Amino acid sequence: MLDKSLVYKDIVMCLPFEDLEDLKVPVLPDGYSYKMFESGDEIAWAYFAKTFLTHEELLADRVCFIVNPEGEIVATTSAWFKTNGDIRFPLIHWVSTSPKEQGKGLGKAIVLFALSRFLIIEPDANFIF
């Protein structure tokens, strides 16, 4: 369960774009697979509509999932961005793993998988946040 007694803090980390090519996307445990967003996946959370549906055309390339052997989405993150005027900042956004699936390395795996997407969707970026 999410501990809401902790004060929320934004933590910003930066990865030089050229380091993406050296990252290795992990092989998942047997029966688990990576999956990109498909229409219908937005039903999973209300936060999704507020943050992502205003850019529906980008979702299939940027919103990543891990699916367990039963076909349930058990981890997610997105290769997203923020803008400040005309400046675009690519970033990893909204990392989550189902509590019942934690301890299997899925959080690390989904983040590395999403980072690998930036090689395709943000090839001119200097940094990933």
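The structure contained in this document is the topic of the report that follows. Everything numeric in this text was worked out from a predicted model, so none of it was measured. (Residues numbered from 1 in each chain as written. Predicted model: local features only at pLDDT ≥ 70, side-chain atom pairs only at ≥ 80, totals over all residues. Heavy atoms only, no water.)

Once that is clear, we can look at the nonpolar core. Nonpolar side chains tend toward joint burial in soluble globular proteins. Listed in full, the 12 residues of the largest apolar core are Leu28, Tyr32, Met36, Cys64, Ile66, Val74, Ala75, Leu106, Ala109, Ile110, Phe113 and Ala114. Every element with two or more residues in this core is listed here: β3 (63-67), β4 (73-84) and α3 (106-121). The dominant element in this core, judged by the number of residues it contributes, is α3, at 5 residues. Not counting chain neighbours up to four residues away, the residues in contact with Phe113 comprise Val25, Tyr34, Met36 and Cys64. (Core = buried A, V, L, I, M, F, W, Y, C linked by side-chain atoms within 4.5 Å. Buried < 20%, exposed > 50% of the residue type's maximum accessible area, 1.4 Å probe, protein only. Helix = DSSP H or I, 4+ residues; strand = E, 2+ residues; numbered from the N terminus. Contact = heavy atoms within 4.5 Å.)

Right, let's talk about α3 for a bit. Spanning 16 residues, α3 covers 22 Å between terminal C-alpha atoms, matching the ideal 22 Å at 1.5 Å per step. Residues of α3 that are buried: Leu106, Ala109, Ile110, Leu112, Phe113, Ala114, Leu115, Arg117, Phe118 and Ile121. (Expected span 1.5 Å × (residues − 1).)

Here Ile110 lies in helix α3. Accessibility expressed as a relative area gives 0% for Ile110, which makes it buried. Considering only alpha carbons, one finds Ile110 and Leu59, 51 residues apart in sequence, at a separation of 16 Å. Not counting residues within four places of it along the chain, the set of residues in contact with Ile110 comprises Tyr34, Cys64, Phe65, Ile66, Ala75, Thr76 and Thr77.

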